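Here's the letter readout for the chains.
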Amino acid sequence: MLFNVYPLYDIEPVRAQGSYLWDAKGDRYLDLYGGHAVISVGHTHPRYVQALTEQLNRISFYSNSVRIPQQEELSEKLGQLSGYPDYALFLCNSGAEANENALKLASFHNGRKQVVAFRKAFHGRTAGAVAVTDNAAIVAPINYNEHVTFLPYNDIEAALAGITNETCAVIIEGIQGVGGIQVATDAFLQTLRQRCDETGAILILDGVQCGYGRTGRFFSHQFSGITPDLITMAKGMGNGFPIGGVLISPKFKATYGMLGTTFGGNHLACTAGIAVLDIMNEENLMENATQMGDYLMKGIQQIGGYKELRGRGLMIGIEYDFPVENLRNTLLFDHHLFTGVAGKNIIRLLPSLAIGIDEADLFLEALSKELKVAS
Ligand SMILES: Cc1ncc(COP(=O)(O)O)c(C=O)c1O
């Protein structure tokens, strides 16, 4: 018996390709959710499959007690494509783990304990990550942490007052995902950078959901021109293969035993990570994310009927003034569309960065039709 598994859609996909999944009956479903923003370059991309298959046949795993050249290759390519060539990479297995390690690095670096996080933040479900998460449903009593202060998102005055010489780290999502597709303003991120510099606090940008090309830039905070001290990532990094990472500015010094992992950076995970970057680069998927994001946004604007439309690139939230459960779980699903939600009233779209116009049109046509029924 499984604990705590609640499938939303009553289907069992047996095959997937590009932006589509098929069940055993051969019925096709369009994936506009990417399994929580994970499918970045498309399901079963031939180059990805080939790279992983070849690697699996050679060596799939050994721990970090040996040299793993794929780690260097991944770090090199990630540094180039993301615009952080001088940052070091720590490899782990998930977004929560990346955030845990970033918080730990910050505290090792300045010796402080106080952390500033933001209301409605989501940084993961492990003890440290959930302590900086503002979501009552998943925070257990043991996770309440007197060292964490939650400030309002995008509130410059509150940030100036709340970040002090005692602050170890400020952790923020460039775009809040689970919290409702709230985009940090450029001025807010610039204020955080400046205030962290003034106080000696470490600025951690959580790019787990909004990073890896989804917004049309490698990381969403790059629109604001700021340079974080630590950047965390996972989800799209492996296109379904579990891998996470922290990009670490050159000012951090590693010491023996400081960070570690058994599975992180293994041969297969790195091969998946390298294939994703190669495909993103060669198929111009960040450009596609910008173009298709604009196309979807314009289409949704034309349909109208929403309270607010937010997001960037292919991270889109459509907020309605009614609960979207029926719209998403039944009406859109009847068109064989997978979509996400964020809270009760928001439809969340996180498709593959390789999505095309035909797929976007399938969604727009279904939305236009079903919105009349739902509202
Ligand atoms: C912004 C953000 N940070 C961290 C996480 C946690 O990632 P993982 O589920 O891989 O631990 C998530 C997951 O949804 C996320 O959206």
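Going by the structure above, here's the rest.
Note that the structure is a prediction, hence the values are computed from the model and not measured.

Rules used in this analysis
- Residues numbered from 1 in each chain as written.
- Predicted model: local features only at pLDDT ≥ 70, side-chain atom pairs only at ≥ 80, totals over all residues.
- Heavy atoms only, no water.
- Phe/Tyr/Trp six-rings, centres within 6.5 Å; stacked < 30°, edge-to-face > 60°.
- Lys NZ or Arg CZ within 6 Å of the ring centre and 35° of its normal.
- Near = heavy atom within 4 Å.
- Polar contact = N/O pair within 3.5 Å; in protein donor to acceptor, adjacent residues only side chain to side chain.
- Areas by Shrake-Rupley, 256 points an atom, 1.4 Å probe, with all protein chains shown as cover.
- Helix = DSSP H or I, 4+ residues; strand = E, 2+ residues; numbered from the N terminus.
- Nonpolar A, V, L, I, M, F, W, Y, C, P; charged D, E, K, R; others polar.
- Pairing = 2+ DSSP bridges.
- Axes fitted to C-alpha atoms, helices over the stretch in contact; angles between N-to-C directions.
- Parallel < 35°, antiparallel > 145°, perpendicular 65-115°, else oblique.
- Left-handed = near helix turned anticlockwise from the far one by under 90°.
- Contact = heavy atoms within 4.5 Å.
- Salt bridge = Lys/Arg side-chain N within 4 Å of Asp/Glu carboxyl O.
- Buried < 20%, exposed > 50% of the residue type's maximum accessible area, 1.4 Å probe, protein only.
- Core = buried A, V, L, I, M, F, W, Y, C linked by side-chain atoms within 4.5 Å.

Hey, could you run me through the packing of aromatic side chains in this one?
Counted by the stated rule, this structure contains 16 aromatic pairs. An aromatic cluster is present here, built from Y84, Y87, Y212, F218 and F219 joined pairwise through their rings. Over the ring of W22 we find R15, and its NZ or CZ is 4.2 Å from the ring centre. The residue whose ring lies beneath R217 is F223, and the NZ or CZ to ring-centre distance is 5.3 Å.

Looking at this structure, I do not really get the site of the ligand. What am I missing?
Around the ligand, the structure places S94, G95, A96, N99, F122, H123, G124, E173, D206, V208, Q209 and K235. The backbone of A96 places a nitrogen or oxygen atom 2.8 Å from an oxygen atom of the ligand. Summarising the interface, the protein chains cover 80% of the accessible area of the ligand, which totals 390 Å² for the free molecule. If you tally residues by element for the shell around the ligand, the top one is helix α4 (residues 95-110), at three residues. Of the residues assigned to the shell around the ligand, the class counts are three nonpolar, six polar and three charged.

Help me understand the sheet that holds strand β3 (residues 28-31) in this model?
Two pairing modes exist for strands in a sheet, parallel and antiparallel, and in both the strands are linked by backbone hydrogen bonds. If you walk across this open sheet you meet the four strands as β1-β2-β3-β15, and the pairing is mixed. Strands at the two margins of the open sheet, each flanked by one partner only, are β1 (13-17) and β15 (337-338). Relative to strand β2 (residues 20-23), β1 runs antiparallel, the two sharing four bridges. Note that in β2 the partner of A16 across the bridge is L21.

Explanation requested: the packing of helix α3 (residues 69-82) against helix α8 (residues 267-282) in the structure shown.
Running from N to C, α3 and α8 cross one another at 30 degrees; their axes reach a closest spacing of 9 Å. As far as their axial angle goes, α8 and α3 are roughly parallel. The interaxial crossing formed by α3 with α8 has left-handed handedness. Contacts between α3 and α8 involve Q70, Q71, E73, L74, K77, L78 and L81 from the first element and H267, C270, T271, G273, I274, L277, D278, M280 and N281 from the second. Looking at the contact of α3 with α8, its residues break down into seven nonpolar, six polar and three charged.

Can you walk me through the pattern of salt bridges in this structure?
If charged atoms from side chains of opposite charge come close, those side chains can pair. Considering all chains together, one arrives at twelve salt bridges under this definition. We note a salt bridge from R47 to D278, for which the minimum N-O separation is 3.4 Å. Of this pair, R47 sits in helix α2 (residues 46-58) while D278 sits in helix α8, and the two are 231 residues apart along the sequence. Of the charged contacts in the structure, one is a salt bridge between K251 and D229, with a shortest N-O distance of 2.9 Å. Of this pair, K251 sits in the loop between β12 (244-248) and α8 while D229 sits in the loop between β10 (202-206) and β11 (230-233), and the two are 22 residues apart along the sequence. Given a relative accessible area of 38%, K251 falls into the partly exposed group. Counted as one network, the salt bridges with shared partners bring together R47, E73, K77, D278 and E282.

Please clarify how the packing of helix α10 (residues 325-332) against helix α11 (residues 357-374) should be interpreted in this entry.
For any two helices packed against each other, one specifies the inter-axial angle together with the distance between the axes. Following both chains from N to C, one finds α10 and α11 inclined at 120 degrees, their axes separated by 10 Å at the closest point. It follows from the interaxial angle that α10 and α11 lie oblique. Crossing angle aside, the handedness with which α10 passes α11 is right-handed. Seen from α10, the contacting residues are L327, L331 and L332; seen from α11, they are F363, A366, L367, E370, L371, V373 and A374. Of the residues that constitute the contact of α10 with α11, the class distribution is nine nonpolar, no polar and one charged.

When you look at the nonpolar core in this model, what are you seeing that I'm missing?
Nonpolar side chains in soluble globular proteins tend to be buried together. In terms of nonpolar packing, the biggest core is built from 59 residues, with M280 and F363 touching the most fellow members. When residues of this core are assigned to their parent elements, the largest contribution, ten residues, is made by α8. Other than its neighbours up to four places away in sequence, F363 contacts L32, L296, I300, I318, L332, L337, T339 and L349. In terms of nonpolar packing, the next biggest core, distinct from the first, is built from 22 residues, C92, L105, I248 and F252 among them.

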